Amino acid sequence: LDIPPESDPLLAYLTSRLMKNGKRHAAAHRTSRMLLHIFAMTRSPPLPIFRHAIELAAPSIRIVSHKRGGKMIHKPIPLSEKQRTFFALKWMLAAAANNRAKTIEERLAKQVLDIVRQDPTQNQVLKKKLDVHTMGMVNR
């Protein structure tokens with residue numbers, strides 16, 4: 001098993017997002033078990049798969065709404081790389097919370113693999129990304 005380095009910034013960011021009540025060790029354990037589930041399901045190194053899923057799930061714009069003349073205006077705003085990663089992880093964690101697997105690690109691993117398989121009709125994260133992009137194209 002190719003275990004990724006602990007100093008990987010993407011995994012540290014995921015650990016921070018998973019952390020509750022300051023329990024970083026438990027969140028780091030969840031992160032490593034998620035990677036182990038990905039490895040068990042695919043039999044290939046989990047970190048490149050996870051990175052690819054983040055790239056696929058990350059939106060390039062967000063929609064900002066403001067009022068002008070009594071009318072709501074939706075304006076697409078480009079996102080930085082850090083913001084793209086933030087939204088991808090936020091949407092992945094929200095979709096994993098709605099899933100019915102036993103643990104958060106299994107749910108996240110299944111979510112990552114669903115994103116890599118790229119089925120926007122099935123996956124909530126890819127559907128949300130597509131909705132944001134179509135809304136941005138309509139309102140540019």
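Heads up: these notes are all about the structure in this document. (Residues numbered from 1 in each chain as written. Predicted model: local features only at pLDDT ≥ 70, side-chain atom pairs only at ≥ 80, totals over all residues. Heavy atoms only, no water.)

1. Section: the side chain of Gln111
Locating Gln111 in the fold gives a position in helix H5 (residues 104-117). Since its relative accessible area comes to 6%, Gln111 is described here as buried. In this view, Gln111 contacts Met92, Ala95, Ala96, Asn123 and Val125; residues no more than four positions away in its chain are not counted. (Helix = DSSP H or I, 4+ residues; strand = E, 2+ residues; numbered from the N terminus. Buried < 20%, exposed > 50% of the residue type's maximum accessible area, 1.4 Å probe, protein only. Contact = heavy atoms within 4.5 Å.)

2. Section: the packing of helix H1 (residues 9-18) against helix H2 (residues 24-42)
Taken N-terminus to C-terminus, the directions of H1 and H2 make an angle of 120°; their axes are 8 Å apart at the nearest point. The angle between H1 and H2 falls in the class oblique. Judged by the twist between their axes, the crossing of H1 over H2 is right-handed. For the pair H1 and H2, the contacting residues are Leu11, Ala12, Leu14, Thr15, Ser16 and Leu18 in the first and Arg24, Ala27, Ala28, Arg30, Thr31, Met34 and Leu35 in the second. Of the residues belonging to the contact of H1 with H2, the class tally is eight nonpolar, three polar and two charged. (Axes fitted to C-alpha atoms, helices over the stretch in contact; angles between N-to-C directions. Parallel < 35°, antiparallel > 145°, perpendicular 65-115°, else oblique. Left-handed = near helix turned anticlockwise from the far one by under 90°. Nonpolar A, V, L, I, M, F, W, Y, C, P; charged D, E, K, R; others polar.)

3. Focus: the packing of aromatic side chains
All chains considered together, the criterion is met by two aromatic pairs. Considering the side-chain rings of Phe86 and Phe87, the 5.4 Å spacing of their centres and the 75° angle between planes classify their relative orientation as edge-to-face. Classification of Phe86 as partly exposed rests on a relative accessible area of 27%. A residue is classified by how much of its surface remains accessible, and Phe87, at 17% relative accessible area, is buried. Ring centres of Phe87 and Trp91 lie 6.0 Å apart, and the angle between their planes is 50°; on these two criteria the pair is classed as tilted. Here the residue Phe87 and the residue Trp91 both occupy positions in helix H4 (residues 81-98), the gap between them amounting to four residues, near one helical turn. An aromatic cluster is present here, built from Phe86, Phe87 and Trp91 joined pairwise through their rings. (Phe/Tyr/Trp six-rings, centres within 6.5 Å; stacked < 30°, edge-to-face > 60°.)

Purely spatial values, then, with no claim about function.
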